[in-house]
Every structure is written in C-alpha cells, then in structure tokens.
Amino acid sequence: MATTTTKTEKLVGKRIRRREDPRLITGTATYVDDIQMPGLHHACIVRSPHGAAKIKSINIKPALEFPGVAAVFIGKDTEKVGPVPCGASLPGLRVPHHHILAMDRVYFVGHPVAVVVATDRYIARDAAEAIEVDYQPLPTVTDPEKAITAGAPPVHPEWPDNIAFNYHQDGGDIDKAFAEADVVVKQRITSQRLIPSAMETRGVVAEWLAGDRALTLHTSTQVPHLVRTLVAQMLGLEENRLRVITPEVGGGFGSKLNIYAEEALMGFIAMKIGKPVKWIESRRENFTCTIHGRGHVDYYEVAAKKDGTVLGIKLKLIQDLGAYHQLLTPVIPTLSVLMMPGLYRCQNIRADIVGVFTNAVPTDAYRGAGRPEATHGIERMMDLLAAELKMDPVDIRRKNFIANDAFPFATATGLMYDSGNYAAPLDKALETVGYKKLREEQKQARADGRLMGIGLSTYGEICAIGPSPATPAGGWESATVKIEPSGKVTVMTGCSPHGQGEETTFAQVAADELGVGIDDVLVVHGDTAIVQYGIGTFGSRGTAIGGAAMYYAIQELKEKIKKFGALLLGSDDVTFANGVCTCNKTGQSVPLAQIAAASYRAMKLPPNTEPGLVATNFWEPPNFTFPFGAHIVITEIDRETGAIEIKRYVAIDDCGNILNPLIVDGQVHGGVVQGLGQALWEQAVYDDSGQLITGEMMDYAIPKASNIPWIETGHTTTPSPVNPLGVKGVGEAGTIGCSPAVVNSVVDALSPLGVRHIDMPLTPEKIWNLIQRGGRA
Amino acid sequence: MTRSITLTINGTKRTDTVEPRLLLIHYLREVAGLTGPHIGCETSLCGACTVHVDGKAIKSCTMFAVQADGAKVLTIEGLDASGKLDPMQEAFWNEHGLQCGFCTPGMIMTAKQIIERNPNPTDEEIRAGIEGNLCRCTGYQHIVNAVRSLAVKA
C-alpha cells in the first residue's frame, strides 16, 4: 500500500511540464458545456436590442406554444431574487438596483429581459425569437465625457448627472510641488474599453434536488466560494445548501471574477421547474453582457524640476462604469490611483475619480484591472517629460527610481512597496537590445527617412491581492494539506486556477517540502463541497497567497510528522527531511508513508496529538507584493500604410522567486499579447445609440499568431519578503508593462513629425492619418 | 423532418437520425458524446471546434452534420486512440503550448495539418497556419515552439 517515493532532488525552479495537461490535450477535460445529465433543459435569454428603452409589454405566449418549451420567465417572475451584488463600499456610491431580469426598463444592449427554458437548445432559441417585446426606445449616452456634460441623457433617471461617485485622494503637498516646479507637462490619455474575450464563454448548469433542498451550480468562474455565498443570498437559500462546482475554466482574465445575473437565474429556474438547466453564453452575449475592461479618460499633469526630478502628479480620472456596478466595478479605478507614482519616489499626488454611468455593459476587472491604465499613464508622462526636458527616456527613469536601499518604501498613495531593484531589469533590457548602438542606428534611420522607434516602460504592479482590509471580499487564501494513510499527499486550495498551472507549481512546492515525488501530490480545487472556503484566483494572488497558505499548512504537518516519527523511532531527537524521519542519535529512519499509516492506525499517539495528518491554513498576507520590470519595444512604421512593425520585443520581469520558468514565461507571453491587443488593435466601440458595433470576433481584433512578434523574455530576481515562497506574482505583468512601451516606441518613431502622444489602439489608419497630416492630430 | 446520416468518427462507424439544421459540432458533442472539440464563437473565427473531415481541418461550428454524411471525421479524442499520445499532443505538453486548454483540441488538429502539409515549416508559416485558431492565454509563442519541435529538418 505504501508506495510513496522519497526523493532529494528539488523541483522548485525547474521547467516541469504541467500536470493538468494530459486531460486538456486529449479533449477529456470537463468544461461547463461538456456536462450532461438526465432531464437536462436548456435556457436561452432574450436580451434588449436597445441601449435604453422602456418595456411597454412582453408577450411570451408564442414561445410557450413551441413543443418542448417548459417555461418562460420575465422580470416580474424573478423580482424577489436579490440584486446582482456590488462588493464596493466607496463613500456616497450610488448603487442602482440590479435585477437579474429587467423590470420595466432596459439600460444597455444585451440587458436580459426574458428567459426561455426548453428540452433542447435549438427549441429554446427558436422560442426565444418568438417572444414579442414592445420597447419604447430612449436616448442613450455611451461616451463617459459626454455623459457628464449638461443635458446628457440620464442613464438612471433618478441620477440625472450620471455620476455614480466622486473619489478624491491627496498625498504629500501637491500645491507646493506644482508651485516649485520648473516645468509642468499635461496630457489627456485614454485607456479604451476592452472585451476580455476568454475563449470559453460563460456557462452555468444548475441542478436542484428538492428532497435534499440542495442546489448545485456548475459555473465557469474564478471565485467559486464567493459565488456560493452571494448567489445563496440572492436566492434566499441557506449557504450550506448550495454547492458550487467550477469545472475546467476556459480562461477568465478577470471577466469571471464576478457574480452574474445568469448564475442566480439558472439556480432560480432549476428550483422552479425541478429539472437541471444549462445556459451557455453565445459569443455575441459574451461581448455584450460579460464585463468589459478599462474605459478610462485620464487627464494627467506632472510637475518636475529641470533636472527631471518629478515633484508631483495630478490625475483626473473619468471612469466609464457602464449601466450597473458588477462585483468590483467602482473599485477598479481606485487601484489606478494607488499605482499612480509607478516606480518613482515622487511623494506628492492628487487624484480625482469621477465614476460615470453609461448605457453600456459594466466595466470591471480585466487583466491588470486599474494597474495597466495607471502604468500607461505614468509611463507615457515620463516620456512626455523626457521630451520636454530633452532627456533620454532611460535617464529620466533612473533619475526618479526609488533607490534599492529605500525598501520597504512608503508611497504617496499609501502603499508600502515590499522590495525592489528597479534598475536591474532596465539594465538587463538595455543590454539585451544594445541601447546605445540602437540610438545610433535610429539616427541613421532618421537620416534615411525611416520611421524607427525605441520605446520602453519600467513598470510596477500591485499583486498578491491582497490584505483583507484592502480587499472587498477578504484577501486571505486557504489550503488544506492531507497526507493520506498511504503517504500520498492531497492539497486542497481555495484558489481556483484556470490555466495558471498551480496544479503543477503547488505540487512542486509540496513535493519539495515533504520529500515526496511530484506524482504523489494531487492538487484539488474548485468544488465548494470538497474544498474549504477560499477566495479565488485573480490579481496575481494564487501562488503568492494560496501557495503561502499551503506552505504554512505543510509546516504544521511537518511538526506532526516529527512527533509520530519520534514515537516510531523511540527518540525525541529526530529530523524530518527528504521524506524520512531520522533519529539524530542512532541514524535509524522511518519513511513518510509508514509515519502516515501509523498516524491513522493510531495504535499509539504522541502526547497531546490527534490521529491523522491533516492541516488547514487560512493565510492573511501582511502586505501586497510589488513586482516590476522593464519592456523595450523597437518599431518601424511604414509611411505608405501606417502599419507598425515590431522589430524586437524584450520583456524583463522581476516576479520574485520563480517556481517554474516554463509557466512564468507562458504567463509573460500571454500577458504581453493582451497588452499588444490593447496597444495596437482592440477597442470596444459603442455608437451613439448604444449599439456595440464591435459585437463579434469579426469586428473585435483579438491578436492572432500571425500578427505578433517574437517575445524575448528575461528575469531578474528580487524575492518578496511578504510570503515564505518569496514570490510576487506574474499573471498580469506582461499586460501591465506592454502598452506604454509600444506607444512610447511608436511616438518615438513619429516624433520627427512633431507627434507627442497617440491614444490606443494604434491602428494603421490612425498612424497613416497622422503621417499624412504631418503629425497633427 | 429528420435525416439519417452515417459517419466514421475516429475509426468507428455510426448512424444517427438528425435534424438537417444540426451543426456538426453539436452532433459531435451531444450526439456522439465527443466533447473534446469546443464552441468558442459559433462563427468560424476562433477555431476551437476544429476537427478533420476526410483529412482536412475544418471548423465544425459552421458545417451541418448532414454535410458530413459519409465522411471520415477525426477529433482530438481519436489522436491517442492507441493509448499513446500523438506526437503533436506530446509537443504541446512538452512546450507548455496551452494554459486554460479551451482552444487546445482545435489548435492541435490545425497544427497537425500544418505539419502534414509542410513537414518543415518556418515560424512564419506556422503562425500563418494557426491564424484561424485563436488563443487568449499563451500569446502563441509556446504553441509555435510546439509545432516547430516536430518539424522535420530538411
């Protein structure tokens, strides 16, 4: 029985191929839409085609006449279901009541109005088309700046100014900083609305067992336990009667860090009809109804001395919220404020956020969530300041970097940066591209009439989100580690990985700590009936918090292992290492499997010790972590077409200790490409009537393999003191560092024409027009 | 109105009665029980539903099951039918060519066709070859590495 292997070779830090892959490469993994069960019904949702309208009447009769239709529900049927929750608690925040189905009015294209339930998904769709909704269209506003001008159509009639909240933050003495400045640089900078576009759309299967009073929701989410708590509240169901199972999740990027109307709606339907029901979001619905990201208009002012020292940063941030608050909608721009100073020691800031309702789907967390916007802002401003002072962009950054001996460093925004060596990744990136020689080449290129650009960003992040006081839903994470009677190790993590590879990295850590083989470790997640309460996977937190919780649970177990080992060896002087407990006097040893068996058999117990080897840890991090890095992008622009060619992309990241370089590189690549998507191609466009005109993949430009460059990755290592693994998080780094480096490069290429700023996305049309007009916007 | 169709799927012949409007992807997933191919966009743009029909990689979300009547269909589940992983599956595993895995079954079927048609593709040819398959996680670089690792050097 006891076949657990012992080993001494360390796995942490090795390029180990992933343990979750066999099921994924063979097509045997189970995503929500793969779930079948007897009597399964299918739901199809009727959604508003208008950006704003009154609902005059709904005729559901034609739908009910379809053979196979089991039920149709509209807003008044679900009125008693609680509202879609908003987890934010900003002072004075206006929170519209967010019914799961529209009542008498719709607020954005895609707003759910009715739901048809049928025995077959084709019938459900046919019947949904037959429902007649009589709308009286109303004026709409989708541009957040227009929405706060006088006379704009009110999104919510009760708040005609369209302002959901104002938020103000001051740090240091901003007025003094601006009074003492030699130079002030100003710029309006936008971070356009983006569509997260996980390859798997959302989906829910709900099953109600009336006899057990038990509801099971299979849902594609990043936060199964939060879904359980909040959907149970919405449905008025006892929390312990709701089980949430997160099967395989096909990408999230923040878009599944939420509680959605459809999760409660499917639970409601299953309880009403007594049959299991499945809803799978169409891609069109995913684009119109799942949260979007970004949506900033930022007005920056930076005050500096002649030598490039930044004295103060002012930001007026207009956040496009959409029509409602989803779970974290109003919180996201506050993260931008926290990140405002970037890697620079400037101690004076002022930020004003205006949160604005628009007739559009809500914005919320999308990869980076507030930090890409802030990084884009400060990194663009550093280049603008460098240009103003005729300094090299590298020099101005070095001038302002927080010094290595200044950590932990208190920022003007109230953060405490954990550790840093900001020049290290910059130096490495500069060396990789041969920066000095490159600037010489650029001179020659310009002399030849070519538009060559060199751009960089030195970015910081707030990761491992986060300490509970700073996080709306609790910022700790949990782990239970069980050493089974056979010595096999089961790790149950409260995280909910969905591509990040923690079934592998956690197993590496557990195997090293316990001295067992990696195949002896199983990492389990995503089922609230099996796994202790947890928070989930987002904000580059999985390994930095969830991994730390596992580490501490293992340390507790190691103490217990030593007690049982001591009992078996008849000595109090024992060491546990490499999977065996050894008597330090006699050299006699017992392997873990034998200790585990003895702990469960419990013929004898050590003093004050319970049987078994199970430990649970809920770990509250003392701080965020603050990864950083430097990206350099070399571009060349075709004058005839405006097309941008990325000649080189160098990404040097410092995410602290690296558990698995293969996985870290994959995270950086994926992050960079989502950043490239924002910088170059992607934009959610609503027209003035509230139609999403980028409503399909045909119109929304998700990066393809053929239009992205080779990404050269590299790392420096500055361990975090915040957690015992020394890790900082890497999921969002690529995205956060990317967009300013690209835009800085393109602006640099066009600077001979007098261009000083361009808003994203940098489409060829935009660039071509700039070139045609000699650089004038 | 229904029609009877007969297909050979992953080497096994089967006959079913289907509605003419039933999409091949729904037939494979819900009638034949092969949930490896996925539905990502319903419009032929993302490629998550890619399978081989008579040896050609096609997007099964925009083909009717009745159009595949008489055809030989190969899905991701057919690649390791012998109990051994296909070299392309192994390559994706070795090179970390997947993260969430949702696009992977379609991506592997397309990648196989690239190598079948051109045993020694350049990186550019690999990227052009998979441009009909979207991946939101990997940034494609490890996928390119995976396909390149199987290239037969001339």
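Every value quoted in this text rests on a predicted model; they were computed, and no experiment measured them.

Caption draft 1: Inspection of the overall build of chain A at higher detail. Each helix and strand counted, chain A has 19 helices and 28 strands in total. A compact globule built from 777 residues should have a C-alpha radius of gyration of about 28 Å, and chain A, at 28 Å, falls within 12% of that. Taken along the three principal axes of its C-alpha coordinates, chain A extends 85 × 70 × 45 Å. The 777 residues of chain A split such that 59% are buried.

Caption draft 2: Structural view of the interface of chain A and chain B. Chain A puts 40 residues into the contact, and the matching count from chain B is 43 residues. At the level of secondary structure, the elements contributing two or more residues to the side of chain A that touches chain B comprise α1 (21-25) and α17 (661-681) of chain A. Here the side of chain A that touches chain B is composed, by residue class, of 18 nonpolar, 12 polar and 10 charged.

Caption draft 3: Highlighting the sheet that holds strand β15 (residues 349-357) of chain A. All names here are of chain A. Spatially, five strands are ordered β7-β15-β14-β13-β8 in an open sheet, and the strand pairing comes out mixed. At either end of the open sheet lies a strand with only one pairing partner, and these are β7 (163-171) and β8 (183-191). Across the sheet, the mean angle from the axis of one strand to that of its neighbour is 10 degrees, orientation sign disregarded. Bridge count between β7 and β15: eight bridges; the pairing is antiparallel. Paired with Gly171 across the bridge in β15 is Ile349. Packing of helix α10 (residues 371-389) onto the sheet brings it into contact with β8, β13 (296-304) and β14 (310-322), and relative to β8 it is tilted by some 145 degrees.

Caption draft 4: A look at helix α16 (residues 592-601) of chain A. All names here are of chain A. Looking only at α16, the buried set comprises Leu592, Ala593, Ile595, Ala596, Ala598 and Ser599. Residues of α16 that are buried in the fold lie against β19 (477-483), α14 (502-514), α15 (542-569), β23 (580-583), β24 (589-591) and β25 (613-619). Just beyond α16, the residue with positive phi is Ala602, at close to 55 degrees.

Caption draft 5: A look at the domain arrangement of chain A. Residue and element names in this part refer to chain A. Domain annotation of chain A identifies domain 1 (21-29 + 476-619), domain 2 (32-138 + 201-249 + 256-289) and domain 3 (296-466 + 623-772). Each of domain 1 and domain 2 was reduced to a C-alpha centroid, and the two centroids are 39 Å apart. Contact residues are listed per partner, giving 14 residues for domain 1 and 13 residues for domain 2. When grouped by side-chain class, the residues that make up the side of domain 1 that touches domain 2 number five nonpolar, eight polar and one charged.

Caption draft 6: Geometry of the sheet that holds β25 of chain A. Residue and element names in this part refer to chain A. Within the open sheet, the four strands sit side by side as β21-β20-β19-β25. Their pairing is mixed. In the strand order of this sheet, the two ends are held by β21 (521-524) and β25, each with one partner. Strand-to-strand twist of the sheet, defined as the mean angle between neighbouring strand axes without regard to direction, takes the value 15 degrees. By the bridge criterion, seven bridges tie β19 to β25 in an arrangement that is antiparallel. Looking at the pairing, Glu477 lines up with Trp619 of β25. Here α15 sits on the sheet in contact with β19, β20 (489-493) and β25, set at roughly 145 degrees to β25.

Caption draft 7: Up close: the packing of helix α6 (residues 224-235) of chain A against helix α7 (residues 261-273) of chain A. Residues and elements named next belong to chain A. Interhelical geometry of α6 versus α7 gives an angle of 55 degrees and a closest axis separation of 10 Å. Looking at the two axes, α6 sits oblique to α7. Remark: the crossing between α6 and α7 carries right-handed chirality. For the pair α6 and α7, contact is made by Val227, Val231, Met234 and Leu235 and by Glu263, Ala264, Gly267 and Phe268, respectively. When its residues are assigned to classes, the contact of α6 with α7 shows six nonpolar, one polar and one charged.

Caption draft 8: Examining unusual backbone geometry more closely. All names here are of chain A. Here the amide bond leading from Ile465 into Gly466 is cis, since omega sits at -20 degrees, within 30 degrees of zero. Within the secondary structure, Gly466 sits in the loop between β18 (451-460) and β19. Cis geometry marks the peptide bond from Met760 to Pro761; its omega dihedral reads -5 degrees. Tracing the backbone through its elements, the reader meets Pro761 in the loop between α18 (733-750) and α19 (764-772). Even without being glycine, Asn162 reaches a positive phi, approximately 65 degrees.

Caption draft 9: Quick look at the domain arrangement of chain B. Residue and element names in this part refer to chain B. Taken domain by domain, chain B comprises domain 1 (3-78) and domain 2 (87-148). Computed from C-alpha atoms alone, the centre-to-centre distance between domain 1 and domain 2 is 21 Å. On the side of domain 2, 11 residues touch domain 1, which itself brings 13 residues to the contact. For the side of domain 1 that touches domain 2, the leading source of residues is strand β3 (residues 50-53), giving three residues. For the side of domain 1 that touches domain 2, a count of residues per class yields seven nonpolar, six polar and no charged.

Caption draft 10: Fine view of the nonpolar core. Residues and elements named next belong to chain A. Ala43, Ala114, Val116, Ile269, Ala510 and Met550 are the most contacted members of the largest nonpolar core, which has 300 residues in total. It is α15 that contributes the most residues to this core, 14 residues altogether. Setting aside residues up to four positions removed in sequence, Ala114 forms contacts with Val46, Ile58, Ile60, Val72, Phe73, Ile74, Leu101 and Ile131.

Procedures and definitions
Residues numbered from 1 in each chain as written. Chains lettered and ligands numbered in written order. Predicted model: local features only at pLDDT ≥ 70, side-chain atom pairs only at ≥ 80, totals over all residues. Helix = DSSP H or I, 4+ residues; strand = E, 2+ residues; numbered from the N terminus. Rg over C-alpha atoms; globule rule 2.2 N^0.38 Å. Buried ≥ 20, exposed ≤ 12 C-beta atoms within 10 Å, placed from the backbone. Contact = placed C-beta atoms within 7 Å. Nonpolar A, V, L, I, M, F, W, Y, C, P; charged D, E, K, R; others polar. Pairing = 2+ DSSP bridges. Axes fitted to C-alpha atoms, helices over the stretch in contact; angles between N-to-C directions. Domains from an automatic or database assignment. Parallel < 35°, antiparallel > 145°, perpendicular 65-115°, else oblique. Left-handed = near helix turned anticlockwise from the far one by under 90°. Core = buried A, V, L, I, M, F, W, Y, C linked by C-beta atoms within 7 Å.

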